[in-house]
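# Architecture at a glance
Below, each chain spelled out in residue letters.
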Amino acid sequence: QVQLVESGGGLVRPGGSLRLSCEASTFYFSIYVMSWYRQAPGKERELVARISSTGGGIEYADSVKERFTISRDNAKNMVYLQMNSLKPEDTAVYYCNGGRYWGQGQYWGQGTQVTVSS
(Lines give C-alpha, C1' and ligand atoms only; values in the text may rest on other atoms or scores of the structure.)
Protein backbone atom coordinates (compact mmCIF):
# COMPACT_ATOMS: atom_id res chain seq x y z
CA GLN A 1 0.00 0.00 0.00
CA VAL A 2 1.33 3.42 -0.97
CA GLN A 3 0.63 6.44 1.22
CA LEU A 4 0.75 9.94 -0.21
CA VAL A 5 0.85 12.94 2.12
CA GLU A 6 0.38 16.47 0.79
CA SER A 7 1.46 19.69 2.45
CA GLY A 8 1.88 23.36 1.61
CA GLY A 9 -1.68 24.51 1.06
CA GLY A 10 -3.07 27.68 2.54
CA LEU A 11 -4.59 31.08 1.93
CA VAL A 12 -2.88 33.35 -0.58
CA ARG A 13 -3.80 36.60 -2.31
CA PRO A 14 -4.39 36.75 -6.06
CA GLY A 15 -1.06 36.96 -7.85
CA GLY A 16 0.72 35.16 -5.05
CA SER A 17 2.58 31.85 -5.00
CA LEU A 18 2.46 28.56 -3.14
CA ARG A 19 4.45 25.35 -3.36
CA LEU A 20 2.69 22.07 -2.66
CA SER A 21 4.65 19.01 -1.64
CA CYS A 22 3.71 15.34 -1.66
CA GLU A 23 5.71 12.65 0.10
CA ALA A 24 5.27 9.04 -0.94
CA SER A 25 5.86 6.08 1.33
CA THR A 26 7.05 3.53 -1.18
CA PHE A 27 10.39 2.00 -2.04
CA TYR A 28 9.32 2.07 -5.69
CA PHE A 29 8.59 5.80 -5.97
CA SER A 30 11.04 6.23 -8.84
CA ILE A 31 8.91 4.08 -11.14
CA TYR A 32 5.62 5.80 -10.41
CA VAL A 33 3.90 8.39 -12.57
CA MET A 34 2.82 11.22 -10.27
CA SER A 35 0.05 13.76 -10.75
CA TRP A 36 -1.67 16.65 -9.08
CA TYR A 37 -5.45 16.92 -9.30
CA ARG A 38 -7.80 19.51 -7.85
CA GLN A 39 -11.45 19.71 -6.96
CA ALA A 40 -13.31 22.95 -6.46
CA PRO A 41 -16.66 23.11 -4.65
CA GLY A 42 -19.45 21.83 -6.88
CA LYS A 43 -17.05 20.74 -9.61
CA GLU A 44 -15.51 17.47 -10.70
CA ARG A 45 -11.93 16.57 -9.86
CA GLU A 46 -9.60 17.62 -12.67
CA LEU A 47 -6.02 16.97 -13.65
CA VAL A 48 -3.65 19.86 -12.95
CA ALA A 49 -0.28 18.38 -13.90
CA ARG A 50 1.41 15.01 -14.41
CA ILE A 51 5.06 13.95 -14.47
CA SER A 52 6.63 10.73 -15.66
CA SER A 53 8.77 8.51 -13.46
CA THR A 54 12.01 10.09 -14.71
CA GLY A 55 10.65 13.61 -15.00
CA GLY A 56 11.18 13.60 -18.76
CA GLY A 57 7.48 13.71 -19.58
CA ILE A 58 5.20 16.42 -18.24
CA GLU A 59 1.60 17.38 -18.94
CA TYR A 60 -0.33 20.45 -17.76
CA ALA A 61 -3.96 21.49 -17.87
CA ASP A 62 -4.40 24.45 -20.21
CA SER A 63 -5.67 26.56 -17.33
CA VAL A 64 -2.36 26.35 -15.44
CA LYS A 65 0.22 26.36 -18.23
CA GLU A 66 2.91 29.02 -17.83
CA ARG A 67 1.89 29.46 -14.15
CA PHE A 68 2.38 26.07 -12.48
CA THR A 69 5.43 23.81 -12.51
CA ILE A 70 5.48 20.14 -11.48
CA SER A 71 8.74 18.53 -10.43
CA ARG A 72 9.97 15.51 -8.49
CA ASP A 73 12.93 14.35 -6.44
CA ASN A 74 13.17 10.58 -6.62
CA ALA A 75 15.93 10.48 -4.00
CA LYS A 76 13.52 12.02 -1.47
CA ASN A 77 10.28 10.35 -2.65
CA MET A 78 8.82 13.80 -3.22
CA VAL A 79 6.74 15.49 -5.91
CA TYR A 80 6.12 19.24 -5.96
CA LEU A 81 3.74 21.72 -7.52
CA GLN A 82 5.01 25.29 -7.74
CA MET A 83 2.04 27.59 -8.27
CA ASN A 84 2.65 31.18 -9.37
CA SER A 85 0.32 34.01 -10.41
CA LEU A 86 -2.51 32.36 -8.50
CA LYS A 87 -6.08 33.28 -9.37
CA PRO A 88 -9.31 32.95 -7.36
CA GLU A 89 -10.37 30.19 -9.76
CA ASP A 90 -7.39 28.12 -8.58
CA THR A 91 -9.16 27.73 -5.23
CA ALA A 92 -9.67 24.00 -4.64
CA VAL A 93 -8.56 20.99 -2.69
CA TYR A 94 -5.39 19.71 -4.34
CA TYR A 95 -4.68 15.98 -4.37
CA CYS A 96 -1.51 14.07 -5.03
CA ASN A 97 -1.97 10.96 -7.16
CA GLY A 98 0.36 8.14 -8.11
CA GLY A 99 0.36 5.05 -10.25
CA ARG A 100 2.41 2.74 -12.39
CA TYR A 101 1.22 4.03 -15.77
CA TRP A 102 0.59 7.34 -17.54
CA GLY A 103 -2.89 8.46 -16.49
CA GLN A 104 -4.82 8.51 -13.24
CA GLY A 105 -3.15 6.23 -10.72
CA GLN A 106 -4.73 4.20 -7.97
CA TYR A 107 -3.12 5.98 -5.01
CA TRP A 108 -4.44 9.24 -3.59
CA GLY A 109 -3.40 11.62 -0.85
CA GLN A 110 -5.85 13.17 1.57
CA GLY A 111 -5.76 16.56 -0.13
CA THR A 112 -4.64 20.03 0.86
CA GLN A 113 -6.77 23.17 0.64
CA VAL A 114 -5.63 26.08 -1.50
CA THR A 115 -7.64 29.28 -1.21
CA VAL A 116 -6.89 32.31 -3.38
CA SER A 117 -8.68 35.37 -2.07
CA SER A 118 -8.07 39.00 -1.28
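Described below are features of the structure shown in this document. (Residues numbered from 1 in each chain as written. Predicted model: local features only at pLDDT ≥ 70, side-chain atom pairs only at ≥ 80, totals over all residues. Heavy atoms only, no water.)

### Some thoughts on the nonpolar core
Among the nonpolar cores identified, the biggest contains 29 residues, and Met34, Trp36, Val79, Leu81, Met83 and Tyr94 are the most heavily contacted of them. Counting only elements with at least two residues in this core, the list comes to strand 3 (18-24), strand 4 (33-39), strand 5 (46-51), strand 7 (68-73), strand 8 (78-83), strand 9 (92-99) and strand 11 (112-116). (Core = buried A, V, L, I, M, F, W, Y, C linked by side-chain atoms within 4.5 Å. Buried < 20%, exposed > 50% of the residue type's maximum accessible area, 1.4 Å probe, protein only. Helix = DSSP H or I, 4+ residues; strand = E, 2+ residues; numbered from the N terminus.)

### Here we look at unusual backbone geometry
Here glutamate 66, not a glycine, exhibits a phi torsion of approximately 75°, which is positive. Of note, glutamate 66 is situated in the loop between strand 6 (58-60) and strand 7. Of note, asparagine 77 is a non-glycine position whose phi angle comes to about 60°, a positive value. In this fold, asparagine 77 is placed in the loop between strand 7 and strand 8.

### Comments concerning the sheet that holds strand 1 (residues 4-7)
In space, the four strands of this open sheet follow the order 1-3-8-7, with antiparallel pairing throughout. Each edge of the sheet is formed by a strand with only one pairing partner; in this case those strands are strand 1 and strand 7. The average undirected angle you get between the axes of adjacent strands in this sheet is 15°. Pairing of strand 7 with strand 8 involves six bridges; the strand directions are antiparallel. Across the sheet, residue isoleucine 70 finds its bridge partner in strand 8, namely leucine 81. (Pairing = 2+ DSSP bridges. Axes fitted to C-alpha atoms, helices over the stretch in contact; angles between N-to-C directions.)

### Here we look at the packing of aromatic side chains
Within the structure shown, the criterion is met by four aromatic pairs. When the ring of tyrosine 32 is compared with that of tyrosine 107, the centres are 6.0 Å apart and the planes differ by 70°; the resulting orientation is edge-to-face. In this pair, tyrosine 32 sits in the loop between strand 3 and strand 4 while tyrosine 107 sits in strand 10 (residues 107-108), placing the two residues 75 residues apart along the sequence. No difference in accessibility class separates tyrosine 32 from tyrosine 107, as the two residues are buried. Consider the rings of tyrosine 95 and tryptophan 108, whose centres lie 6.3 Å apart with planes at 85°: the pair is edge-to-face. On the criterion of sequence distance, the pair formed by tyrosine 95 in strand 9 and tryptophan 108 in strand 10 is long-range, its members being 13 residues apart. Assessed through its relative accessible area of 13%, tyrosine 95 is described here as buried. Connected via pairs of aromatic rings, a cluster forms that spans Tyr37, Tyr95 and Trp108. Positioned above the aromatic ring of tryptophan 102 is the side chain of arginine 50, whose terminal nitrogen or guanidinium carbon lies 5.7 Å from the ring centre. (Phe/Tyr/Trp six-rings, centres within 6.5 Å; stacked < 30°, edge-to-face > 60°. Lys NZ or Arg CZ within 6 Å of the ring centre and 35° of its normal.)

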